[in-house]
Each structure stands twice: as C-alpha cells, then as structure tokens.
Amino acid sequence: AQSVTQLDSHVSVSEGTPVLLRCNYSSSYSPSLFWYVQHPNKGLQLLLKYTSAATLVKGINGFEAEFKKSETSFHLTKPSAHMSDAAEYFCVVSLPPYNAGNMLTFGGGTRLMVKP
Amino acid sequence: SQTIHQWPATLVQPVGSPLSLECTVEGTSNPNLYWYRQAAGRGLQLLFYSVGIGQISSEVPQNLSASRPQDRQFILSSKKLLLSDSGFYLCAWSRPAFGGYTFGSGTRLTVV
C-alpha cells in the first residue's frame, strides 16, 4: 500500500522569505511523486513531478522539490515567496504499473499563506 | 496540445433535483478519465474512473453515477441530489502509460 503525509496543514510565510512544504511517503517500491497547486475555486495545476530521473526536480513558478529515498521525503521549496503563491498544495504519489487501477494517492494538502 | 473542459463552473441545485456535470478532453485519444470530489476543507476523494467507452469503475458507493458515452467525454450524474453532495467536483485525465493527471477547472456544486 502507498500513502503520503503532508506534515503541515497550514504554513505561513512573509513575502520574500523561503517556502518549505513537507511531504513524506510510504511505499515499498520506487514511486512517482508529484506536487500540485490549487488556487481557490480552481482546478489543480501540476507544479512538478519526479519519475526516477534526477532527484532534484525543478517546476514552474520557481518551485523545486528533492526526492530523498533514505528519508522517504519529497519536500517542496521556493527561495522567495510571492503573494501569488498563496494557495493549497498537494503532494501526490503513484506506483508502477501505471494504469487506471493504480490510483494517485493525495496528501491532505497544505495551505500556504503569504503575508505582505 | 491537450485540453480538458469542465462545466458548469458553479451550480446551485435544490435537494432532490437531478445533476449532470460534463467533462471533455481534446487533443488525445483513449485517455483515462476521473471524477474527484473535494469537500470544504478536505482532500480529494476519487469517485469514478474510466479506461474506455462504457467502462466505469466506482471507488465510493454513493448517490452519484458516471458514464462515458464517447471516448473523450465523461459525465457525472445524480437522479436526486442530497445536501451531502455539495462540494467541488474535479474531472481529470491521464494517458494510459501515465505521467500524471491533468485536471479541469472544477465545478462548485451547492445543494440547497
């Protein structure tokens, strides 16, 4: 079985300071990992994905995440927060074989608040 | 490029009324299609998925049903809405070989 835990339900940072959103997964196999962002009343947008290539993954809007197998973590970071980054962020895991019967498992989400 | 369309964006329906939400995908063929629900302050719950026309798998027993009348069309329905059906409904698609999901913009359903 696979599971994913987002360690913080809410994170608050000041504009211009670094962002760290934490995610740990549980899997017996090499997973694919994703981060999605959701702005209020909007669909989910893919920020970045890890699929067994480089362990440091760069995504859109200046976000990046590092896959650490030894720590079973896939934390999302950004050097400097913008007001527009305020949103809900979801860490997602999936395992091979990739088919419709092998669903994505979503973390509970982290709400990022950015203070001016 | 592939796009996914979901409508309506918002919907207010009385208890006991029917529901039909539609999702279509363009620019790809034979996608896997999914319906998710997101209740207020909660994560995403997979409701249905489909790997082909007429093939529907239900993840959660409920008051809802899904249909896939065409390859790139996925419909979420209910004969009689309940208050508990309120939420944010998201359609998504993925390639059979996978690579992540692409989500629609969502439908905010309020049952009153």
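Preceding block: the structure.
Residues numbered from 1 in each chain as written. Chains lettered and ligands numbered in written order. Predicted model: local features only at pLDDT ≥ 70, side-chain atom pairs only at ≥ 80, totals over all residues. Heavy atoms only, no water.

S.K.: Help me out: how do you make sense of the overall build of chain B in this one?
M.R.: Looking only at helices and strands, chain B has zero helices and eleven strands in total. Counted from the first residue to the last, chain B has its helices and strands arranged as β-β-β-β-β-β-β-β-β-β-β. Here the C-alpha radius of gyration of chain B, 13 Å, is about what a compact globule of 112 residues would show, namely 13 Å. The principal-axis extents of the C-alpha atoms in chain B amount to approximately 40 × 25 × 20 Å. Sequence separation of 24 or more characterises 54% of the internal contacts of chain B that already satisfy a separation of 6 or more. For chain B, the accessible surface area stands at approximately 5,100 Å², while carbon and sulfur atoms represent 52% of it. Within chain B, one finds 8 positive and 5 negative side-chain charges whose respective centroids are separated by 6 Å. (Helix = DSSP H or I, 4+ residues; strand = E, 2+ residues; numbered from the N terminus. Rg over C-alpha atoms; globule rule 2.2 N^0.38 Å. Contact = heavy atoms within 4.5 Å. Areas by Shrake-Rupley, 256 points an atom, 1.4 Å probe, with all protein chains shown as cover. Lys, Arg positive; Asp, Glu negative; His and termini not counted. Charge placed at Lys NZ, Arg CZ, Asp CG, Glu CD.)

S.K.: Would you take a moment to explain the pairing of strand 9 (residues 87–94) of chain B for this structure?
M.R.: Within a regular strand, side chains alternate between the sheet's two faces. All names here are of chain B. In terms of residue burial, strand 9 counts as a mostly covered element, since eight of its eight residues are buried. Alignment of strand 4 (residues 32–38) against strand 9, held across seven bridges, turns out to be antiparallel. Among the inter-strand pairings, W35 is bridged to a residue of strand 9, identified as C91. Across two bridges, strand 9 lies against strand 10 (residues 102–103) in antiparallel orientation. The residue of strand 10 that forms the bridge with A92 is F103. (Buried < 20%, exposed > 50% of the residue type's maximum accessible area, 1.4 Å probe, protein only. Pairing = 2+ DSSP bridges.)

S.K.: I would appreciate a short explanation of unusual backbone geometry in the present structure.
M.R.: Glycine aside, a negative phi is what most residues show, and trans is what most peptide bonds show. For the peptide bond that leads from W7 of chain B to P8 of chain B, omega is 0°, which places it in the cis range. One non-glycine residue, N41 of chain A, adopts positive backbone phi at about 60°. With respect to the helices and strands, the residue N41 of chain A is situated in the loop between strand 5 (32–38) and strand 6 (44–50). Judged by its relative accessible area of 48%, N41 of chain A falls in the partly exposed class. Of note in the backbone geometry, T72 of chain A takes a positive phi value of approximately 45° without being a glycine. Within the secondary structure, T72 of chain A sits in the loop between strand 8 (64–68) and strand 9 (73–78). The class for T72 of chain A is partly exposed, based on a relative accessible area of 30%.

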